Amino acid sequence: MTKKTISTPARTGRQVFMHLIATLALILTVSSCTQEDDPYYSPLVGGWQLVDYSGPGTYYISALMLYGDGTGYVSGEDSYGYPQTWNVQWSSFSGSSLTIYFNDAYGTQWSYYYNFSGGELHLQPVDDISTDYWYMRS
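Keep in mind that this is a model prediction, so the values were computed, not measured. (Residues numbered from 1 in each chain as written. Predicted model: local features only at pLDDT ≥ 70, side-chain atom pairs only at ≥ 80, totals over all residues. Heavy atoms only, no water.)

(A) Broad picture of the pairing of strand β6 (residues 109-117). Here 5 bridges tie strand β5 (residues 97-102) to β6, and the two strands are oriented antiparallel to one another. Its bridge partner being in β6, Thr-99 is matched across the sheet by Ser-111. Adjacent in sequence and paired antiparallel, β5 and β6 are bridged by 6 residues, among which Gly-107 carries a positive phi angle near 70°. The pairing of β6 with strand β7 (residues 120-125) spans 6 bridges and is classified as antiparallel. The partner of Tyr-113 across the bridge, within β7, is Gln-124. The turn joining β6 and β7, which pair antiparallel and follow one another in sequence, is formed by 2 residues; a positive phi near 55° is taken by Gly-118. (Pairing = 2+ DSSP bridges. Helix = DSSP H or I, 4+ residues; strand = E, 2+ residues; numbered from the N terminus.)

Here it is, written out as structure tokens:
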């Protein structure tokens, strides 16, 4: 009894190309994420300088520098009124909220709603919506 070999037809260049395109499309579809949730592509990345604020808020950030890797620093006054700069981490979700995590022993974090208007960044603390901060790119 002889064994029969089943041969598969050779793929044409066009078939290989189409298979490659379909595979790449699948990879891009599965691995894509919303750019606004990715700090590398966030419109928040860069330097911001406080230009105005209103409301009863007592603590404010006079300057922010947010890097695309989710780190940065903020400047403001400490509870004694002395200028300080803090290293921070930050995250943004849903294109409307920003959380700043201070690298301190207390696990301090400040959360804001944000939007852009006329080239300005508007921040509003989540726990104090009666206070507003406006920043311009620095």
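There's plenty left to go through after this.
(B) Quick peek at the sheet that holds β7. Taken together, the 8 strands give a closed barrel; going around it, the order is β1-β2-β3-β4-β5-β6-β7-β8, and neighbouring strands pair in antiparallel fashion. The mean angle between the axes of side-by-side strands here comes to 35°, regardless of whether they run parallel or antiparallel. (Axes fitted to C-alpha atoms, helices over the stretch in contact; angles between N-to-C directions.)

(C) How the structure looks around the side chain of Asp-132. Structurally, the position occupied by Asp-132 is in strand β8 (residues 132-137). The charged side chain of Asp-132 is buried without a salt bridge, its nearest counter-charge being Arg-137 at 19 Å. Within the local environment of Asp-132, its side chain forms a polar contact with the side chain of His-122, the two groups lying 2.6 Å apart. At 3.2 Å, the side chain of Asp-132 and the side chain of Gln-124 are in polar contact. Beyond its immediate stretch of four places on either side in the chain, Asp-132 contacts Asp-52, Tyr-53, Ser-54, His-122, Leu-123 and Gln-124. (Buried < 20%, exposed > 50% of the residue type's maximum accessible area, 1.4 Å probe, protein only. Lys, Arg positive; Asp, Glu negative; His and termini not counted. Salt bridge = Lys/Arg side-chain N within 4 Å of Asp/Glu carboxyl O. Polar contact = N/O pair within 3.5 Å; in protein donor to acceptor, adjacent residues only side chain to side chain. Contact = heavy atoms within 4.5 Å.)

(D) Highlighting the nonpolar core. In terms of nonpolar packing, the biggest core is built from 18 residues, with Leu-64, Leu-98, Ile-100, Leu-123 and Tyr-135 touching the most fellow members. Elements supplying a minimum of two residues to this core: β1 (46-54), β2 (61-66), β4 (83-93), β5, β6, β7 and β8. (Core = buried A, V, L, I, M, F, W, Y, C linked by side-chain atoms within 4.5 Å.)

(E) Inspection of the environment of Gly-68 at higher detail. Following the sequence through the fold, Gly-68 ends up in the loop between β2 and β3 (71-77). For Gly-68, a relative accessible area of 16% corresponds to the buried category. Taking the C-alpha atoms as reference, Gly-68 lies 8.7 Å from Leu-44; in sequence the two are 24 residues apart.

From the geometry alone we can't say anything about function, so treat these as descriptive.
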